[in-house]
Amino acid sequence: MGTVWFVGAGPGDPDLITVKGRDLITRAGAILFAGSLVSKAAMRWAPVGCEIADSKDMTLVDISGWLIAQAAKHETVIRLQTGDPALYGTLIEVVQPLDAAGIPLRVVPGVSSAMASAAAAVESFTLPEVTQTTIFTRVEGRTPMPEGESLAELARHHCTLCIFLSITLLHKVESGLREAGWAEDAPMLVVHKASWPGEERIVRGTLADIKQRCRDAKIVSQAMVIASPALGARGWSELSKSKLYDASFTHRFRRATAPVTTSTDHEETT
Ligand code: SAH
């Protein structure tokens, strides 16, 4: 019996799959990919004779059934998922029937669209003394939000918010941020098809105008909405630099070269 590998395909650019994911594709007997979201270019590494199927018209029962059937025939079976499999995918729903059938399975992480969106716009989700926290969330659509996770509640932290699956619900994003006290001129960023060669689009705006700017740009799908007090920091003149690179800060890889100022932060390593 073969192993089913849930592989994160990355955000769109086929080069953003991991080396491990690509190596698995080169020896896969069967691959099931999410056609509407995963670039078909990833299939170029598949060996001749590999069975390749698109899951876009399949139900969850079809998907697990297909993977189980292929695992009986092939040593390596791949379920290719967009971004990272741990975020807003169907990992657990598909894993459960595989577990019930006794099929061995593994997960290979991928580059999430949240990270690709930050990269596209040259933004950092964390910035010293601005925000040290990032929340991955969405607004309520057909999937209800659990108690305590409304955007208004989460946004009260005034940290970075990466809002998935919400580009058609920007009115809810706006009302959540307003309810949490975000200013009308709070910077916002929308990245459409982050990392997709030739298709990526970046829209910058504020809480007051981001919806109109996205409407003008006709962005209605596959977009990451980011609200963060750290947005646009590349252009700031006054930046509180990370202590790690501060000349007065000693850590286990480098001795201070300037007199020590105040810091109790000894744990950071990168
Ligand atoms: N597991 C995926 C998320 C799947 S949910 C990941 O880790 O990225 C689908 C949502 O992800 C979309 O509604 C959109 O908000 C976001 N998304 C996926 N690909 C994207 C891309 N290339 N650019 C911007 N957002 C993207």
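Report follows, based on the coordinates. (Residues numbered from 1 in each chain as written. Predicted model: local features only at pLDDT ≥ 70, side-chain atom pairs only at ≥ 80, totals over all residues. Heavy atoms only, no water.)

1. Description of unusual backbone geometry
Of note in the backbone geometry, Val122 takes a positive phi value of approximately 50 degrees without being a glycine. If you trace the backbone, Val122 turns up in the loop between α4 (113-121) and β6 (134-138). Residue class for Val122 comes out partly exposed when judged on its relative accessible area of 46%. One non-glycine residue with positive phi stands out, namely Gln222, at about 40 degrees. Structurally, the position occupied by Gln222 is in the loop between α7 (210-216) and β10 (223-227). Classification of Gln222 as partly exposed rests on a relative accessible area of 31%. (Helix = DSSP H or I, 4+ residues; strand = E, 2+ residues; numbered from the N terminus. Buried < 20%, exposed > 50% of the residue type's maximum accessible area, 1.4 Å probe, protein only.)

2. A few points about the packing of aromatic side chains
Within the structure shown, the criterion is met by two aromatic pairs. Ring centres of Tyr88 and Phe164 lie 4.8 Å apart, and the angle between their planes is 40 degrees; this geometry places the pair in the tilted category. On the criterion of sequence distance, the pair formed by Tyr88 in the loop between β4 (76-81) and α3 (91-100) and Phe164 in strand β7 (residues 160-164) is long-range, its members being 76 residues apart. Ring geometry for Phe136 and Phe164: centres 5.8 Å apart, planes at 75 degrees, overall edge-to-face. (Phe/Tyr/Trp six-rings, centres within 6.5 Å; stacked < 30°, edge-to-face > 60°.)

3. Re the sheet that holds β6
In space, the five strands of this open sheet follow the order β6-β7-β10-β8-β9, with mixed pairing throughout. One side of each edge strand has no neighbouring strand; the edge strands of this open sheet are β6 and β9 (201-206). In this sheet, adjacent strand axes meet at a mean angle of 20 degrees when their direction is disregarded. Pairing of β7 with β10, which is carried by three bridges, proceeds in the antiparallel orientation. Looking across to β10, one finds that Leu161 is bridged to Ala227. Where α4 meets the sheet, its contacts fall on β6, β7, β8 (187-192), β9 and β10, and the angle it forms with β10 comes to roughly 70 degrees. Running over the sheet, helix α6 (residues 170-179) touches β7, β8 and β10 and is turned about 15 degrees from β10. (Pairing = 2+ DSSP bridges. Axes fitted to C-alpha atoms, helices over the stretch in contact; angles between N-to-C directions. Contact = heavy atoms within 4.5 Å.)

4. With respect to the environment of Leu165
Tracing the sequence through the fold places Leu165 in the loop between β7 and α6. We classify Leu165 as partly exposed; its relative accessible area is 48%. Distance in space between the C-alpha atoms of Leu165 and Asp185 is 23 Å, their sequence separation being 20 residues. Leave out the neighbours within four places in its chain, and Leu165 touches Tyr88 and Arg138.

5. Focus on the site of the ligand
Taken together, the neighbourhood of the ligand is formed by 18 residues, with Pro11, Leu87, Ser113, Ala194 and Ala223 sitting nearest. Ser113 places a side-chain nitrogen or oxygen 2.6 Å from an oxygen atom of the ligand. In this structure, Ala194 approaches the ligand through a main-chain N or O atom, which is 2.8 Å from a nitrogen atom. In isolation the ligand exposes 540 Å². Once the protein is present, 94% of that is buried. Looking at the shell around the ligand, the elements with two or more residues in it are α4 and β10. The class makeup of the residues in the shell around the ligand is 10 nonpolar, six polar and two charged. Domain assignment of the residues forming the shell around the ligand places at least three in each of domain 1 (3-108) and domain 2 (113-235). (Near = heavy atom within 4 Å. Polar contact = N/O pair within 3.5 Å; in protein donor to acceptor, adjacent residues only side chain to side chain. Areas by Shrake-Rupley, 256 points an atom, 1.4 Å probe, with all protein chains shown as cover. Nonpolar A, V, L, I, M, F, W, Y, C, P; charged D, E, K, R; others polar. Domains from an automatic or database assignment.)

6. Some words on the packing of helix α2 (residues 60-71) against α3
For the pair α2 and α3, the least separation of the axes is 9 Å and the interaxial angle reads 45 degrees. Classified by the interaxial angle, the pair formed by α2 and α3 is oblique. Considering only the axes of α2 and α3, their crossing is right-handed. Facing Leu60, Ile63, Ser64, Leu67 and Ile68 of α2, the residues of α3 in contact are Glu93, Val94, Pro97 and Leu98. Class assignment of the residues belonging to the contact of α2 with α3 gives a composition of seven nonpolar, one polar and one charged. (Parallel < 35°, antiparallel > 145°, perpendicular 65-115°, else oblique. Left-handed = near helix turned anticlockwise from the far one by under 90°.)

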